[in-house]
Amino acid sequence: MDRIATISDLREAARRKLPLPIFDFVDGAAFSEVTLRANTQDFERVRFRQRVLKDVSVRSLATTIVGQPTSMPAAISPTGLSGMLWGGNGEIAAARAAKAAGIPFTLGMMSVCTLEEVRAAVGPIWFQLCMLKDRGLVRSLVDSAREAECPVLVLTVTWTVSGLQSRSVRNGIDLPPKLSPRMVMDFASRPGWVWRAMRGKRVAFHNFVGRMDGEATIERVIGELDATTSWKDVEWLRSIWPGKLIIKGICDREDARSAMDAGADAVSVSNHGGNHLDSAASTISVLPDVVEGIDGRGEVLLDGGVRSGQDILKAMALGARGCLLGRAHLYGLAAGGEQGVAKALDIIRNELDVSVGLTGLTDVHQASRAILASSPF
Ligand SMILES: Cc1cc2nc3c(=O)[nH]c(=O)nc-3n(C[C@H](O)[C@H](O)[C@H](O)COP(=O)(O)O)c2cc1C
């Protein structure tokens, strides 16, 4: 970890540690990956105005997101099956690193480790779900989140229809998975990952085991995603969930208004990291539109393409309260488990701290368009 300076270095380390189909599961996105690339490239089009000699010797990054304290304006974004990146226990490793760094961790419903296991390891966490055809299943997950004292529920609305992950097709990943000679070679070339996987928890959607009649196979769980979902369902979820509610996947001002009308406390501007709708606009480019639509009625977060502390400050300058870290933490997890996620968070915190100081701020809350030299958005 000593020679790792950026999230991009962690991505290279992850590439060396993971069998190709697993690396591509993390690193790839839907169809031609236009949105995946746009999310990061558009951050580069925003530039800071450098300010000097303002006494920035004392700086603060601490804030709150939906009332939850965080040591910097970031939280871990929910990611399905990330447990498999680190011996079937990846979610626990990542949650431990997030806790040590003082930032919230969101467990995806499609995790390998269960909500109860991660809760037992680190205390209360945020929980994510998608609307499912079987509303009884949604209710039962919400009940578990309440029992686990989750302060925040994240409803993901970007995955009602599944995008095709083209790299998975090229790698011969089918549902159900079938082993090909090439895949055997890919896995054999990463013995560290294989050794951990063989000793660790079996990869499955364990939050669904025992909640569905019969086996909770990947096909059945994904088959539960409900394309009929509408704002009425969000209102229903609001009525059965007493805690904070974040709607993840708002990229449009009208949808932003609807989210507030349905009772959300915050939205995350998100295109699911380009994993489903390819050629969707980058998240940083639509952030100002969403901020206008929210009109101060709730908080606006952003996920998609966040790879540095500079990116977080840019998003805040354009009106975000903070960012959710998707691939940025997954590369760290794959590269070194808990230590790797801790490294990712250290890198981002240091970058953010330096950027705050050199744009003339002493508190991250002071970020506004005034710190930008140029932004096309
Ligand atoms: C491997 C992988 C799995 C993901 N699984 C989920 C999921 O189960 N639920 C969800 O809301 N978002 C999921 N996401 C999306 C992330 O929460 C986040 O929106 C996205 O990663 C942001 O883009 P970025 O990683 O390029 O920054 C996943 C992303 C990746 C890369």
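The preceding data block contains the structure.
Residues numbered from 1 in each chain as written. Predicted model: local features only at pLDDT ≥ 70, side-chain atom pairs only at ≥ 80, totals over all residues.

Trainee: How would you sum up the site of the ligand? Please name residues and give values.
Mentor: Neighbouring the ligand are 23 residues; Gly80, Thr156, Gly273, Gly326 and Arg327 lie closest to it. Elements represented by at least two residues in the shell around the ligand include exactly α2 (20-27) and α15 (327-358). Split into classes, the residues belonging to the shell around the ligand amount to six nonpolar, 14 polar and three charged. (Near = placed C-beta within 6 Å. Helix = DSSP H or I, 4+ residues; strand = E, 2+ residues; numbered from the N terminus. Nonpolar A, V, L, I, M, F, W, Y, C, P; charged D, E, K, R; others polar.)

Trainee: A description of the environment of isoleucine 218 should follow, citing residues and the corresponding values.
Mentor: Among the secondary structure elements, isoleucine 218 is positioned in helix α10 (residues 218-223). Judged by the 17 C-beta atoms lying within 10 Å of it, isoleucine 218 is partly exposed. (Buried ≥ 20, exposed ≤ 12 C-beta atoms within 10 Å, placed from the backbone.)

Trainee: Could you give an account of unusual backbone geometry, naming the residues involved and the relevant values?
Mentor: Residues other than glycine predominantly adopt negative phi, and peptide bonds predominantly adopt the trans conformation. Positive phi values are uncommon outside glycine, yet glutamate 33 reaches one of about 60°. In this fold, glutamate 33 is placed in the loop between α2 and α3 (34-44). Judged by local crowding, glutamate 33 falls into the partly exposed class, with 18 C-beta atoms found within 10 Å. Its identity is not glycine, yet valine 66 carries a phi of approximately 40°, on the positive side. One can find valine 66 in the loop between β2 (63-65) and β3 (68-70).

Trainee: Just give me the short version of α15, but keep the residues and values in it.
Mentor: Over its 32 residues, α15 runs only 27 Å from end to end, short of the ideal 46 Å by more than 12%, given 1.5 Å per residue. A bend of about 140° at glycine 336 is the largest found in α15. Judged by how many residues are buried, α15 sits mostly within the fold: 24 of 32 residues are covered. Looking one or two residues past α15, glycine 360 carries a phi angle of roughly 85°, positive in sign. (Expected span 1.5 Å × (residues − 1). Bend = angle between axes of the 7 residues up to and from the residue.)

Trainee: Would you mind going over helix α1 (residues 7-17) in detail, with residue names and values included?
Mentor: Residues that lie three or four places apart on an α-helix share one face, since the helix turns once every 3.6 residues. When we look at burial in α1, the residues that qualify are Ile7, Leu10, Arg11, Ala13, Ala14 and Lys17. The buried side chains of α1 occupy one side of the element, clustering within an arc of 165° when seen end-on. In this structure, the buried residues of α1 make contact with α2, α9 (191-199) and α15. (Arc of directions from axis to C-beta. Contact = placed C-beta atoms within 7 Å.)

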